[in-house]
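An overview of the molecular structure
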Amino acid sequence: MAERRGAGSAGGKLILCGEHAVVYGHPAIAVAIDRGTTVRLREASGLTLRGGDGAALRDARLEEAVRAIVAGDWEVTITSDLPIGRGMGSSAALAVALVRAWADATGEALDAAALHERAFAVERVFHGNPSGIDHAVSARGGLVRYRRTPDGPVLTPLPLPSWSLAVLDSGAPGDTRAMVAGVASRRPGIDAHLDAIGALVGEAEAHLDDPPRLGALLTENHRLLTAIGVSSTRLDALVALALDAGAHGAKLAGAGGGGAALALADDPEGIVAAARAHGVDGFVVRPRPGV
Ligand code: PMV
């Protein structure tokens with residue numbers, strides 16, 4: 001019998017506004033980005049995980065995540081240009097790419113609901129009890145409003161924006177599981193801030209094509225994220241740097257603690273150049289159209 005093979009790809013994401021509050025049923029808006037992950041599967045003896053350079057990856061959690069989808073003996077090669085732990089959806093893109101590669105290798109039909117459920121199993125290995133926004137946006141692409149309800153996730157596609165975002169790297173990974181647990185431990189004292197984040201997302205949705213207005217809302221979102229205890233001195237400094245460099249607005253991206261900040265600006269390359277002048281690594285990401 002011919003050796004079975006399969007491949008699947010998925011994009012990363014940035015949460016424009018609403019992270020953490022989304023875990024508690026508030027809406028959030030996220031954008032799929034033009035960086036992502038590809039998984040290639042080749043039937044082999046034993047389970048082997050490799051990076052894009054061919055080097056073996058030995059990571060118990062990664063192996064557990066792969067085993068949530070892949071049964072039997074395979075060589076699994078993971079190629080990605082998403083930095084890990086930067087709130088850019090590296091685990092979600094891996095989850096979606098893995099499920100797609102497995103369906104490709106086994107010839108299974110995969111509808112959107114099955115893709116979401118299976119990728120969720122992978123995300124739970126990495127993040128405990130995630131809202132599901134990361135892999136929902138990774139799978140669908142585009143700009144999306146996401147809400148978790150008792151009946152399942154509600155995904156509303158929004159018009160693809162014309163703006164790009166500058167991403168400024170704090171230099172340290174964030175730990176989503178720990179940050180989400182920290183927020184849970186500070187409730188109900190911080191619930192008014194979570195409600196304010198939810199309300200802000202509604203306002204942001206009405207101003208998606210108005211960068212100055214949207215930017216001000218992003219900066220306000222950062223202030224609220226600081227108030228719920230998920231920012232850091234470093235992330236606050238990156239936001240200040242972006243605003244000083246002329247951004248309309250900036251905020252931490254994703255779970256916080258470490259990771260990255262995103263900035264909305266007429267000239268995102270200029271924000272990245274200003275960051276580099278301060279020794280901060282950064283790059284520009286563009287929206288990835290929906291499927
Ligand atoms: O994976 P990150 O760092 O983008 O964070 C995910 C967003 C959170 O709202 C903090 C958690 C979640 O499950 O929605």
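In what follows, the accompanying structure is described. (Residues numbered from 1 in each chain as written. Predicted model: local features only at pLDDT ≥ 70, side-chain atom pairs only at ≥ 80, totals over all residues. Heavy atoms only, no water.)

As a further point, take the site of the ligand. With respect to spatial proximity, 15 residues lie near the ligand, and among them Lys 13, His 20, Ser 131, Asp 134 and Ala 255 are the closest. In this structure, an oxygen atom belonging to the ligand sits 2.5 Å away from a side-chain N or O atom of Ser 131. Contact distances for the ligand include 2.8 Å between an oxygen atom and a side-chain N or O atom of Asp 134. Taken by itself the ligand offers 380 Å² of open surface, and the protein chains cover 95% of this. According to the grid-proximity analysis, the pocket containing the ligand is the largest pocket. Going through the elements one at a time, β1 (5-17), α4 (133-140) and α5 (176-186) are the ones with two or more residues in the shell around the ligand. Grouping the amino acids of the shell around the ligand by side-chain chemistry returns seven nonpolar, five polar and three charged. (Near = heavy atom within 4 Å. Polar contact = N/O pair within 3.5 Å; in protein donor to acceptor, adjacent residues only side chain to side chain. Areas by Shrake-Rupley, 256 points an atom, 1.4 Å probe, with all protein chains shown as cover. 1 Å grid on protein atoms, 1.4 Å probe; cavity = no way out; pocket = protein on both sides within 12 Å on 5 of 7 lines; lining within 4 Å. Sits in = over half its atoms within 2 Å of the grid points. Helix = DSSP H or I, 4+ residues; strand = E, 2+ residues; numbered from the N terminus. Nonpolar A, V, L, I, M, F, W, Y, C, P; charged D, E, K, R; others polar.)

In this section: the nonpolar core. In terms of nonpolar packing, the biggest core is built from 83 residues, with Leu 14, Val 39, Leu 41, Val 76 and Leu 165 touching the most fellow members. The element best represented in this core is helix α2 (residues 90-106), accounting for 10 residues. Listed in part, the 11 residues of the second largest apolar core include Ile 15, Ala 28, Ala 32 and Ala 136. (Core = buried A, V, L, I, M, F, W, Y, C linked by side-chain atoms within 4.5 Å. Buried < 20%, exposed > 50% of the residue type's maximum accessible area, 1.4 Å probe, protein only.)

The next thing to look at is the packing of helix α1 (residues 60-67) against helix α3 (residues 112-127). Two elements in contact, α1 and α3, have axes whose closest approach is 8 Å; the angle formed by their N-to-C orientations is 160°. In terms of axis orientation, α1 runs roughly antiparallel to α3. Relative to α3, α1 is oriented so that their crossing is right-handed. Facing α1, whose interface residues are Arg 61, Leu 62, Glu 64 and Ala 65, α3 presents Val 122, Val 125 and Phe 126. Taken together, the residues of the contact of α1 with α3 break down into five nonpolar, no polar and two charged. (Axes fitted to C-alpha atoms, helices over the stretch in contact; angles between N-to-C directions. Parallel < 35°, antiparallel > 145°, perpendicular 65-115°, else oblique. Left-handed = near helix turned anticlockwise from the far one by under 90°. Contact = heavy atoms within 4.5 Å.)

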